[in-house]
Amino acid sequence: MSASTDSDGLLGKGVDDEIFTANQRKPFGTTKLALAALCVLYTAFHIAVMNLYPLETWTYRLIHVGGGLVIGFLLFSSTLFSAATPDRAGTRSTLRMALLAPGALAVTLAFAQAAGFWLTGEGVGQAAGRTAFVWSFGWPLVGGSLWLIGVGWLMPDRDRSRIDMADAFLAVAAVAVTLYIIFHAPLLRLRAGTGLAKDADLFAAMAGVILILELTRRMAGLALVIICGVFVAYSFVGPWLPGILQHRGYTASRFFTYIFTDQGILGPTTAISSTYIILFVAFAAFLQASRVGEYFVNFAFAAAGDKRGGPAKVAVFGSGLMGMINGTSAGNVVATGSLTIPLMKRVGYAPQTAASVEAAASSGGQILPPIMGAGAFIMSEITGIPYAEIVVAAIIPAILYFLSVYFMVDLAAQKFGMKGLPHEELPKFAKLARQAFLFIPIIILIGALFAGYSVIRAGTLAMAAAAVVSWLTPYRMGVKEILYALELSTKMSLQLVAVCAAAGIIVGVIALTGIGTRFSSLLLGLADQNQVVALFFAMVVSIVLGMGMPTTAAYAVAASVIAPGLIQMGIAPLTAHFFIFYFAVMSAITPPVALAAYAGAAIAQSDPMKTSVESFKIGLAAFVVPFMFFSSPALLMDGSWLEIAHVTITATFGVYMLAACVQGWFFGAAGLLVRAGTLVAGLAMIEGGWATDVVGLGIALLLFLVQTRVVRPKHLARGLD
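Anyway, here's the lowdown on the structure attached to this text. The shown structure was predicted, so the numbers you read here are calculated from the model rather than taken from an experiment.

1. Quick look at unusual backbone geometry
- Even without a glycine there, the phi angle at Met637 is positive, about 65°.
- For Met637, a relative accessible area of 26% corresponds to the partly exposed category.
- Phi is positive for Phe667, which is not a glycine, with a value near 55°.
- With respect to the helices and strands, the residue Phe667 is situated in the loop between helix H29 (641–663) and helix H30 (672–687).
- By relative accessible area, which is 42% here, Phe667 ends up partly exposed.

2. Digging into the side chain of Glu358
- Mapped onto the elements, Glu358 comes out in helix H14 (residues 351–364).
- Buried and unpaired, Glu358 has Lys345 as its nearest opposite-charge partner, separated by 13 Å.
- When residues no more than four places from it in sequence are discounted, the contact partners of Glu358 are Ala315, Ser319, Asn332, Val333, Thr336, Gly337, Thr340, Ile341 and Met344.

3. Observations regarding a nonpolar patch on the surface
- A cluster of nonpolar residues, Ile244, Leu245, Leu522 and Leu526, forms a patch on the protein surface that exposes about 310 Å² of accessible area.
- In this structure Ile244 comes out as partly exposed when scored by relative accessible area, which is 34%.

4. Concerning the packing of H14 against helix H16 (residues 387–416)
- Relative to each other, H14 and H16 sit at 170°, their axes nearing to 10 Å. Relative to H16, the element H14 lies roughly antiparallel. In the packing of H14 onto H16, the handedness of the crossing is left-handed. Between H14, through Val357, Ala360, Ala361 and Gly364, and H16, the contact on the second element is made entirely by Tyr401, Phe402 and Val409.
- Among the residues making up the contact of H14 with H16, the classes are represented as six nonpolar, one polar and no charged.

5. Describing the packing of H29 against helix H31 (residues 690–707)
- It is the contact of H29 with H31, at a shortest axis distance of 11 Å, that shows an interaxial angle of 40°. Here H29 is positioned oblique relative to H31, judged by the angle of their axes. As for how H29 packs across H31, the hand of that crossing is left-handed. On H31, the residues that touch His646, Thr650 and Met657 of H29 are Trp690, Asp693, Ala700 and Leu703.
- Split by residue class, the contact of H29 with H31 holds four nonpolar, two polar and one charged.

6. Re helix H20 (residues 479–513)
- Over its 35 residues, H20 extends 50 Å from the first C-alpha to the last, a length consistent with the 51 Å expected when each residue adds 1.5 Å.
- The principal kink in H20, of about 40°, is found at Ser493.
- Counting buried positions over the 35 residues of H20 gives 26, a clear majority of the element.

7. Digging into the packing of aromatic side chains
- Counted under the stated rule, the structure contains 28 aromatic pairs.
- Seen from their ring centres, Phe117 and Phe183 are 6.2 Å apart, and the 25° between their planes marks the pair as stacked. Of this pair, Phe117 sits in helix H4 (residues 94–120) while Phe183 sits in helix H6 (residues 165–191), and the two are 66 residues apart along the sequence.
- Taking 6.5 Å as the distance between ring centres and 70° as the angle between the ring planes, the aromatic pair formed by Tyr406 and Phe407 counts as edge-to-face.
- Judged by relative accessible area, which is 25%, Tyr406 ranks as partly exposed.
- One aromatic cluster is present, formed by Phe117, Trp118, Phe133, Phe137, Tyr180 and Phe183 through successive ring pairs.
- One Lys or Arg, Arg189, reaches over the ring of Trp58 and ends 4.8 Å from the middle of that ring.

8. As for the pattern of salt bridges
- Under the definition given, this model contains 11 salt bridges.
- Between Arg25 and Asp167 there is a salt bridge, with the nearest N and O atoms lying 2.4 Å from each other. Of the two residues, Arg25 sits in the loop between helix H1 (5–8) and helix H2 (29–51) while Asp167 sits in helix H6, which places them 142 residues apart along the sequence. The same class applies to Arg25 as to Asp167, namely buried.
- Through salt bridges with shared partners, a single ionic network connects Arg25, Asp167, Glu214, Arg217 and Arg218.

9. Describing helix H3 (residues 57–75)
- Taking 1.5 Å of rise per residue, 19 residues should cover 27 Å, and H3 covers 27 Å from first to last C-alpha, within 8% of that figure.
- In terms of residue burial, H3 counts as a mostly covered element, since 17 of its 19 residues are buried.
- Of the residues that open H3, the one with a side-chain oxygen 3.1 Å from the backbone nitrogen of Trp58 is Glu56.

The rules we used
- Residues numbered from 1 in each chain as written.
- Predicted model: local features only at pLDDT ≥ 70, side-chain atom pairs only at ≥ 80, totals over all residues.
- Heavy atoms only, no water.
- Buried < 20%, exposed > 50% of the residue type's maximum accessible area, 1.4 Å probe, protein only.
- Helix = DSSP H or I, 4+ residues; strand = E, 2+ residues; numbered from the N terminus.
- Lys, Arg positive; Asp, Glu negative; His and termini not counted.
- Salt bridge = Lys/Arg side-chain N within 4 Å of Asp/Glu carboxyl O.
- Contact = heavy atoms within 4.5 Å.
- Patch = residues over 30% accessible without salt bridge, like charges linked within 9 Å, V, L, I, M, F, W, Y side chains within 5 Å.
- Areas by Shrake-Rupley, 256 points an atom, 1.4 Å probe, with all protein chains shown as cover.
- Axes fitted to C-alpha atoms, helices over the stretch in contact; angles between N-to-C directions.
- Parallel < 35°, antiparallel > 145°, perpendicular 65-115°, else oblique.
- Left-handed = near helix turned anticlockwise from the far one by under 90°.
- Nonpolar A, V, L, I, M, F, W, Y, C, P; charged D, E, K, R; others polar.
- Expected span 1.5 Å × (residues − 1).
- Bend = angle between axes of the 7 residues up to and from the residue.
- Phe/Tyr/Trp six-rings, centres within 6.5 Å; stacked < 30°, edge-to-face > 60°.
- Lys NZ or Arg CZ within 6 Å of the ring centre and 35° of its normal.
- Polar contact = N/O pair within 3.5 Å; in protein donor to acceptor, adjacent residues only side chain to side chain.

Okay, here's the thing in structure tokens:
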């Protein structure tokens, strides 16, 4: 690698390239253009509706979910494509095509019937019989969808270059569901979830749930699908369950029609994904298309690449910046980790350590203001707390987390004598500093929000600024590049669309059965009005719910289950929601299901479970910081400047001591007693009181003197004999 790296961007090269998942298709020719056009239209539709032409809520959210299902089935296969599988795998099997025929015909019949409602203007009205259109719409839709999913599972099409016919007809089924529910929305608002619901309503909603769960399986794995399945089963087996879990049970008609309303799938999770999430994913896509991500990474390399353990420190800074914007821990690990992990290994970090550093830094980006991976906007929507107040409150906890990760990698570098990258291989900081205008889109976003603009307007302005700023770089965004950014935005959004819709099923079950209120009562009972015990249970539930779920969905579900109970116990709403949000984020690096750590392990070729355990250790501060701002509200900027300064300084010392304990290095190799001492000192300073601070600082000073040989153990023992 030459000294010209800074001019051609080789170190950051590839950070902004499109990432293909193992089951994502790579079509060619006309098919590729058609899918790209669908993706462009999908994101453009959302931006236009949010800014120019508002749509009725149900219609907008149904198009959001239905459109996501259509594009998702066309782009993502039911099977994984191995690296050895050629992109073009030959002709389609005659037997498979014959097996697909019944499902395809059934779904086509249902689609024709749904289209007929729109063409004739007559649907399943209140005067229609309960079983009206069951045989021409209901059974064909559900039966055909299940048949096609089954064929896709048992006989997957392994040709990556074309669309599987089974998935093409699943997309048709998604269109049929969307057409039916939009057409009948005025009636469904009155009869859904009641005894007045028609069987056709039931079948449309049931097919919608099946399609959402299948796409979620393809996009996010089985974990969330299993959780949803447990909640769905709970709705039917309630009468036979003991204690607070018991409820009267619900018929299939009442359950499924209720779930597909604004109390469930079309409720708060989809409201969030159809506005804030897709808007800021589009913003991230515009930054990616204009190669701003490469600049962020190069900037981090120029600032810290030559320091000891330099690539690890680059991962902390660069991944934090990228994670703040794109809001997906695992996706950010893949994007930046493909660059930083090999370089960390090169300077001496073990593979699992390199992967765990990247996972911890990427996950932490979602707690980093001002964007917080859209978390700040979601929290504002759920709580009603102003965005500006949330962002200000998030500053100190985020700083503490990233300082902790920085201390971890720096102490590891000291412990193992690691060096940085050669200075001549790094980008030139002076040159990158002259390109600081690339931060303008983020500055405009923050400025617009604090100037009182709506989140949607501020996000749109920032997106436009990204396109304008690109004209000052070699990567100018013209029409072609803007269309590519819109296409990329849709592809990046699909997982979150599917996951938020699936999370809506859980939210709907919670609302229908009242288990959220009863769980809050149970939480209060178990905690016996002890807030710390209640917070511990809240931590466990947030982490469990977040396993296999993106942060946004995990937080939305956990907030609906846990937050009311915490607030009822007297915990401030902002503190309660921040607490839940932090642990939902950290579920991505918490064993046994740590998606961000697993993504890093795949790049580093390390053991996934060992990587997840180490990423948990490196991100340890995030498991302590929420309890810190509970006991010291000044960490959330709630207090005088003296109080804020006091707890910030002592907490910084505290997380350093914890890092020294974990790494076993405190001004030299730390033995068991020294590590125990650093743990006690760290916890004492984190507690926040003046007395405990004095104790913690005293222990830290004593350990410093011992470790630097100013005081030896025999001096401390003198007089004891």
